[in-house]
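The chain contents come next:
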Amino acid sequence: GKKISKICCIGAGYVGGPTMAVIAQKCPHITVTVVDLNQARIDAWNDPDTNNIPVYEPGLDAVVAEARGRNLFFSTEVDKAIDEAEMIFISVNTPTKTYGTGKGMAADLKYIELCARQIARVAKDDKIVVEKSTLPVRTAEAVKNILQNTGNGVNYQILSNPEFLAEGTAVEDLHAPDRVLIGGDTTPEGQEALESLVEVYANWVPRERILTTNLWSSELSKLTANAFLAQRVSSINALSELCERTGADVSEVARSIGTDSRIGPKFLKSSVGFGGSCFQKDILNLVYIARSYGLKEVADYWEQVIIMNDHQKRRFATNIVKTLYNTVSGKKIAFLGWAFKKDTNDTRESAAIYVADDLLNEQAGISVYDPKVPESQVYSDLDYLETRASEKNKQLVTVVTDPYEACKDAHAIAVLTEWDEFKEYDWIKIFENMKKPAFVFDGRNLLDTNKLKDIGFKVYSIGKEA
Ligand code: NAI
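Residues numbered from 1 in each chain as written. Predicted model: local features only at pLDDT ≥ 70, side-chain atom pairs only at ≥ 80, totals over all residues.

### A few points about the site of the ligand
Here is step 1: Around the ligand, 27 residues are found, and the nearest of them are Gly11, Gly13, Val15, Ser133 and Thr134.
Here is step 2: Of the residues forming the shell around the ligand, the biggest block, three residues, is contributed by helix 5 (residues 110–122).
Here is step 3: Across the shell around the ligand, the residue classes break down as 13 nonpolar, 10 polar and four charged. (Near = placed C-beta within 6 Å. Helix = DSSP H or I, 4+ residues; strand = E, 2+ residues; numbered from the N terminus. Nonpolar A, V, L, I, M, F, W, Y, C, P; charged D, E, K, R; others polar.)

This is the structure we're talking about:
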């Protein structure tokens, strides 16, 4: 394949930022420019203090510090970056549609189409366009149609290169991926473009871990991977409810089945439910695609993963209300954690948002502490649901920067994110400052239940008889 020396990436978010930072770090001979329409985001990526970059990921600040200004650049000059690049990654958001046909299910591809049209308008020489965003199977066809009907004589090759990093371990995952997946056209030109991208990754990823497929397999594999991962969480969560009724302990069950090499131990942790910007969106998209081909059973099968997850979030909130003598009105409930998982500042689709919303409907007062999520984000997440007026959310919810303050005078603590630091708190001090009986609802099975019970807490864990 042609040797690439200039890469552009459209979209400087949770995927575009870290992936391009690592490509730049590992390929000093390639100039990587990450562009975004969002000026504030680009400014944050360019902040001289790498503690202020907009994505929190362990180790990312060091990667950015190493490459930025050398061969890694962040900019809002989209046209210029497109014009100069030989290879253009599209890493923009593909949220669930909130309007029209497919509302609440299908992926909204308007940002993808805008990128394709912008590339078509600007490009003067041949480009390799790489889909980094997660896209419905056969999107590459639409992208190709838009690019090839501009009549300016530019040749385009479209590749699919979905990203498998997990937030919270993005840098680790990018440095040593289980695999890199690249799909391309089966034509000689397609294979040549594909080889160009293989060579970029081969700078640090062993060749046998770089898988190549046709475009449609690659696109569909990303949706499939997320569906399988989320399905494991919903499967163990479905059993957690049965454990709570029968005296079985879901952690013991998970350990017992996880030692079977056919099942494997990972992703079997029961919790308040999965969150994050991807799992729900991608499964809904998969369900929508299956329905659009008339595959009712296939669609219903995968939709159940979402239904179970919604149930798990809801019953966590319901259990809090029920346990607190059927009323939380006017009671303070402390939330430890707001991010959708530990080691990220990302809150998209976090279970905490939905649990909070249910408790606010019961007129609870909520005090939130999260080590990485700012106050403004908590309010914007709640306001986004449009369940109640924004003033009401501000009135009922406080966001504090001290966990002990969050828990002071609370009737109950709900653990919503598995941040390590929660385990290290002075739980005796927390107990002394709470209303009695003092309840802990551990939505992540994070804390030492026996220790808390010895202190005097009443503890509810997922998948354990209370
Ligand atoms: P994000 O919302 O953090 O970032 C997307 C960025 O694209 C935003 O900053 C937005 O301003 C920018 N953008 C949108 N349209 C633009 C345009 N026309 N020109 C320039 N910039 C534009 O989204 P995130 O999380 O990075 O996800 C991006 C894609 O990657 C999605 O398709 C997602 O499904 C996929 N993905 C996400 C993963 C994750 O862990 N967040 C993991 C794997 C894939």
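### Some remarks on unusual backbone geometry
Here is step 1: Going from Lys436 to Pro437, the amide bond is cis rather than trans, its omega being -5°.
Here is step 2: Phi is positive for Arg138, which is not a glycine, with a value near 85°.
Here is step 3: Note on placement: Arg138 falls in the loop between strand 5 (127–131) and helix 6 (139–148).
Here is step 4: On the basis of neighbour counts, which here come to 12 C-beta atoms within 10 Å, the residue Arg138 falls in the exposed class. (Buried ≥ 20, exposed ≤ 12 C-beta atoms within 10 Å, placed from the backbone.)

### Topic: the environment of Val15
Here is step 1: Among the secondary structure elements, Val15 is positioned in the loop between strand 1 (6–10) and helix 1 (16–26).
Here is step 2: Each C-alpha atom of the pair Val15 and Ala166 lies 9.6 Å from the other, and the pair is 151 residues apart in sequence.

### As for the packing of helix 1 against helix 3 (residues 60–67)
Here is step 1: Axis separation between helix 1 and helix 3 bottoms out at 9 Å; the angle between their running directions is 50°. With respect to their mutual orientation, helix 1 and helix 3 come out oblique. Judged by the twist between their axes, the crossing of helix 1 over helix 3 is left-handed. Contacts from Pro18, Ala21, Val22, Ala24 and Gln25 of helix 1 reach helix 3 at Leu60, Val63, Val64, Glu66 and Ala67.
Here is step 2: Of the residues that constitute the contact of helix 1 with helix 3, the class distribution is eight nonpolar, one polar and one charged. (Axes fitted to C-alpha atoms, helices over the stretch in contact; angles between N-to-C directions. Parallel < 35°, antiparallel > 145°, perpendicular 65-115°, else oblique. Left-handed = near helix turned anticlockwise from the far one by under 90°. Contact = placed C-beta atoms within 7 Å.)

### Quick look at the nonpolar core
Here is step 1: Of all hydrophobic cores here, the largest spans 140 residues; its most connected members are Ile88, Phe335 and Val355.
Here is step 2: Looking at this core, the element that brings in the most residues is helix 13 (residues 351–361), giving eight residues.
Here is step 3: Formed jointly, this core draws a minimum of three residues from each of two domains, domain 1 (6–205) and domain 2 (306–461).
Here is step 4: Excluding residues within four positions of it along the chain, Val355 makes contact with Val272, Lys313, Phe316, Ala317, Ala414 and Leu416. (Core = buried A, V, L, I, M, F, W, Y, C linked by C-beta atoms within 7 Å. Domains from an automatic or database assignment.)

### Let's talk about the UniProt feature "active site" (unreviewed entry) in the chain
Here is step 1: The UniProt feature table records "active site" (unreviewed entry) at Cys278.
Here is step 2: Topologically, Cys278 is positioned in the loop between helix 10 (250–258) and helix 11 (279–292).
Here is step 3: Apart from residues no more than four positions distant in its own chain, Cys278 is found in contact with Thr134 and Asn226. (UniProt positions renumbered as here; feature names shortened; annotations may be inferred.)

### Here's the deal with the packing of helix 13 against helix 14 (residues 375–385)
Here is step 1: One way to put it is that helix 13 packs onto helix 14 with a least axis distance of 10 Å and a crossing angle of 65°. The chirality of how helix 13 crosses helix 14 is right-handed. Counted together, Ile353, Ala356 and Asp357 of helix 13 and Asp381, Leu382 and Leu385 of helix 14 form the full contact between these two elements.
Here is step 2: For the contact of helix 13 with helix 14, the per-class residue count stands at four nonpolar, no polar and two charged.

### Section: the domain arrangement of the chain
By a widespread convention, an interface's size corresponds to the accessible area lost as its parts come together.
Here is step 1: Per the domain assignment, the segments of the chain are domain 1 (6–205) and domain 2 (306–461).
Here is step 2: Of the residues assigned to the side of domain 1 that touches domain 2, the class counts are three nonpolar, one polar and two charged.

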